[in-house]
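# Examination of the molecular architecture
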Amino acid sequence: AEYVKKHTRIPVFYYISPKIWAWRESRIKNIRRNVDEMFCILPFETDFYARHSYKVHYVGNPTVDEVDEFKRHRTATAAKPQQTEKTIALLAGSRKQEIKDNLQKMCIAAEPFTHKGYKIVATIVSGKTYDVLAEASAALVTSGTATLETALFYVPQVVCYYTAAGRFVSFLRKHLLHVPYISLVNLIAGREVVKELVADGMTVENIRRELGYIIEDGHKRNAMLNGYRHMAKILGDPGAADNAARQMTECLKRYDSDK
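Residues numbered from 1 in each chain as written. Predicted model: local features only at pLDDT ≥ 70, side-chain atom pairs only at ≥ 80, totals over all residues. Heavy atoms only, no water.

### Looking at helix α5 (residues 96-110)
- With 15 residues, α5 extends 21 Å between its outermost C-alpha atoms, agreeing within 8% with the 21 Å of an ideal straight helix rising 1.5 Å per residue.
- The sharpest bend along α5 comes to roughly 35 degrees, located at Asn102.
- Every buried residue of α5 is accounted for by Glu98, Asn102, Leu103, Met106, Ala109 and Ala110.
- Residues of α5 that are buried make contact with β4 (86-91), β5 (118-122), β6 (138-141), β7 (157-161) and α10 (204-215). (Helix = DSSP H or I, 4+ residues; strand = E, 2+ residues; numbered from the N terminus. Expected span 1.5 Å × (residues − 1). Bend = angle between axes of the 7 residues up to and from the residue. Buried < 20%, exposed > 50% of the residue type's maximum accessible area, 1.4 Å probe, protein only. Contact = heavy atoms within 4.5 Å.)

Below, the structure written as structure tokens:
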């Protein structure tokens, strides 16, 4: 972007904003200098950039498209309904260190619920997350896109993210992180919809307690599902890539007419 802006008259469009709202907010200076049009997939990013006097376009979120496509395909190809087991999904992350840090605590915390008839499923097989979430009653999820995917499947969840030196990390999070939450669900909703257990707050006891609140029908489970509906409304309908392409085309026409 810097090279194109410096050496050509070609407008620079950026699709999917870097997460500068979480870390290194100073990067806005480079974006304002080198990017003519920013196309975002998180609705709160429009407000963030507006605070820096930089107008951006919200086009929708690709995860909405992916989940919607999965659900439509599943409906179209489904056989007659079958009796499904009660399932707790464990989504411990995609990186080896995340799985090492999180999965064991998740398993220990969820184990007592097997005595209540729940099956524990750890999604460590690539490409199977949606199949598991489609049948899950609840989930323990490491922060990331998986929290948003879980919400779009309307599966109550507890966000779990353990790191070594937990107290120090909690201190850094409180004083250096520029956003109040780590999960996309809460960031999009603008409030705590799902419980976040991070760093020294992620203990077996805390996970088990929060899982117990949402595993069966009750006030906290229903409140979370209502929060999901609110979040989904903010995200909008499927069609992020098409919206981005259409808006880019409109911007290009405007740039062309200004020459």
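### Describing the sheet that holds strand β2 (residues 37-40)
- The strand order across the open sheet built from three strands is β1-β2-β3, with neighbouring strands paired in parallel fashion. Pairing within the sheet leaves two strands with one partner each, and these edge strands are β1 (13-15) and β3 (57-58).
- In the sheet, β2 pairs with β3 via two bridges, with the strands oriented parallel. Across the sheet, residue Cys40 finds its bridge partner in β3, namely Tyr58.
- Each of β1, β2 and β3 touches helix α12 (residues 240-258); the most contacted strand, β1, lies at about 175 degrees to it. (Pairing = 2+ DSSP bridges. Axes fitted to C-alpha atoms, helices over the stretch in contact; angles between N-to-C directions.)

### A few points about the pairing of β7
- Counting buried residues in β7 gives four out of five residues, a clear majority hidden from the surface.
- Direction of pairing for β6 relative to β7: parallel, over a ladder of three bridges. Pairing of Val141 across the sheet is with Val159, part of β7.
- Taking the sense of rotation as the criterion, the β-α-β connection linking β6, helix α7 (residues 145-152) and β7 turns out right-handed.
- Where β7 meets strand β8 (residues 195-198), four bridges bridge the pair, whose relative direction is parallel. Within β8, the residue paired with Val158 across the bridge is Lys195. (Right-handed = clockwise from strand over helix to strand, strands pointing away.)

### A few points about the packing of aromatic side chains
- Evaluation of the coordinates by the stated rule reveals nine aromatic pairs.
- Ring geometry for Trp21 and Phe44: centres 4.9 Å apart, planes at 85 degrees, overall edge-to-face. Separated by 23 residues along the polypeptide, Trp21 in the loop between β1 and α2 (28-34) and Phe44 in helix α3 (residues 44-50) bring together distant segments of the chain.
- Judged by relative accessible area, Trp21 falls into the buried class, the value being 6%. (Phe/Tyr/Trp six-rings, centres within 6.5 Å; stacked < 30°, edge-to-face > 60°.)

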